[in-house]
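Letter by letter, the chains look like this.
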Amino acid sequence: MTMNSKLMVGNWKMNGSLAANASLLSEISSGLRETSCRVAVCVPALYLAQAQNLLAGSLVAWGAQDVSTHESGAYTGEVSANMLRDFAVRYAIVGHSERRQYHGETDDVVATKAQRALAAGITPIVCVGESLAEREAGQTEAVVKRQLAAVIHANGHCISEIVVAYEPVWAIGTGLTASPEQAQSVHAVLRAQLQAATAQADRVSILYGGSMNAANAASLLAQPDVDGGLIGGASLKAPDFLSMLKAASR
Ligand code: 13P
């Protein structure tokens, strides 16, 4: 269990437009009165300036969905941690399974990305999670521990500054959610691993992600080691996202 309030993060993935973002953010902002959890939206990099404009002074933080492993230089198409900092980004997702799967990101790459973010004063949201085949082979625990170990190894001295997101790959965008018990059991493993690495493991929020929605959020968030959510599809619909924020505010 973390000592912080719950943290609910929308991962917009590659969705949105200037017009759609403006109305989504204004709907979210105007529904926040009944919520007390921490909230953020991780938007496509091109829309960070818009998010900063529309959210400055609001309770909603903004974040990026990725960050380069490099500091600067001849890396066409990449966005550096310092560039993100220019737009007052609070969070950067690193190691999302879609990046691991479609862009070949290894555990080492993810660990370096976390390092770049931390060095720029940005909180990395480190994603870990097993595939269906790995779960069926009984490898869930070994896979998530290996993924988190790489990040701990590279960032030992400031590991209490990260956020972890457990996102079982088989639950992402599929409508299949981990049961609250399945989520809690993996979160407890991750918590123990953090406790072995730092005396401040209770500062680390461990989020659940994978088909979290307005109907299942409360039961997942009721688990002792589920400190919040990383929400894809349901974060694009203001009423659903707001209802999940309310569930996280109890
Ligand atoms: P969905 O909520 O759409 O399943 O996506 C989860 C996710 O990948 C968040 O990062």
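Structure first, text after, so check above.
To start, this report covers the structure provided alongside it. Residue numbers run consecutively from 1 along every chain, following the written order of its sequence. The model is predicted, so local features are restricted to residues of pLDDT at least 70 and side-chain atom pairs to those at 80 or more, both for listing and for counting; the totals for chains, interfaces and linings are taken over all residues. Only heavy atoms go into the side-chain values, all of them from the structure, while hydrogens and water stay out.

1. Quick word on the overall build of the protein chain
The helix and strand labels rest on DSSP assignments: H or I over at least four residues marks a helix, E over at least two residues marks a strand, and numbering proceeds from the N terminus. Each helix and strand counted, the protein chain has 10 helices and eight strands in total. We take the radius of gyration over the C-alpha atoms and set the globule estimate at 2.2 Å times the residue count to the 0.38 power. Its C-alpha atoms give the protein chain a radius of gyration of 17 Å, within 12% of the compact-globule value 18 Å for 250 residues. Considered along the principal axes of its C-alpha atoms, the protein chain spans approximately 45 × 45 × 35 Å. In the protein chain, buried positions account for 52% of the 250 residues. Partitioning the contacts of the protein chain with sequence separation of at least 6, the portion at a separation of at least 24 is 73%. We call a residue buried when its accessible area falls under 20% of the maximum for its residue type, exposed when it is over 50%, and partly exposed in between, using a 1.4 Å probe and counting protein chains only. Residue contacts are defined here by distance: any two heavy atoms, one from each residue, within 4.5 Å place the two residues in contact.

2. Considerations on the environment of Leu 221
Tracing the sequence through the fold places Leu 221 in helix α9 (residues 217-221). With 175 residues separating them in the primary sequence, Leu 221 and Leu 46 have C-alpha atoms 31 Å apart.

3. Regarding the pairing of strand β4 (residues 91-94)
Because side chains alternate across β4, one face comprises the buried residues Tyr 91 and Ile 93, and the other comprises Ala 92 and Val 94, equally buried. In this description, strands pair whenever DSSP reports at least two bridges between them. Sheet topology note: the strand β3 (residues 60-64)/β4 ladder contains two bridges and is parallel. Its bridge partner being in β4, Gly 63 is matched across the sheet by Tyr 91. Regarding topology, helix α3 (residues 81-86) serves as the crossover connection from β3 to the parallel β4, and that connection is right-handed. With four bridges joining them, β4 and strand β5 (residues 123-128) adopt parallel strand pairing. Bridge pairing in β5 links Ile 93 to Ile 125. Here is how to tell: hold the view so the strands point away, follow the path from the first strand over the helix to the second, and if it runs clockwise the crossover is right-handed.

4. Regarding the environment of Arg 146
Looking at the secondary structure, you find Arg 146 in helix α7 (residues 140-154). A distance of 2.7 Å separates the side chain of Arg 146 from the side chain of Asp 107, its partner in a polar contact. Each polar contact in these results corresponds to two N or O atoms within 3.5 Å; when the atoms are within protein, one needs to be able to donate a hydrogen and the other to accept it, and residues that are neighboring in sequence are counted only if both atoms are side-chain atoms.

5. Details of helix α10 (residues 238-247)
Of all the positions in α10, only Ala 238, Phe 241, Leu 242, Met 244, Leu 245 and Ala 247 are classed as buried. The inward-facing, buried residues of α10 abut β1 (7-11), α1 (18-30), β2 (38-42), α9 and β8 (228-231).

6. Looking at α1
Think of an α-helix as 3.6 residues a turn; residues three or four steps apart then line up on the same face. How far a helix is expected to stretch is found by multiplying one less than its residue total by 1.5 Å. Spanning 13 residues, α1 covers 18 Å between terminal C-alpha atoms, matching the ideal 18 Å at 1.5 Å per step. Residues of α1 that are buried include every one of Asn 21, Leu 24, Leu 25 and Ile 28, and no others. Looking down the long axis of α1, one finds its buried residues gathered within 95° of arc, a one-sided arrangement. Those residues of α1 hidden inside the fold are in contact with β2, α2 (48-55), β3 and α10. The arc in question is formed by the directions pointing from the helix axis toward the C-beta atoms.

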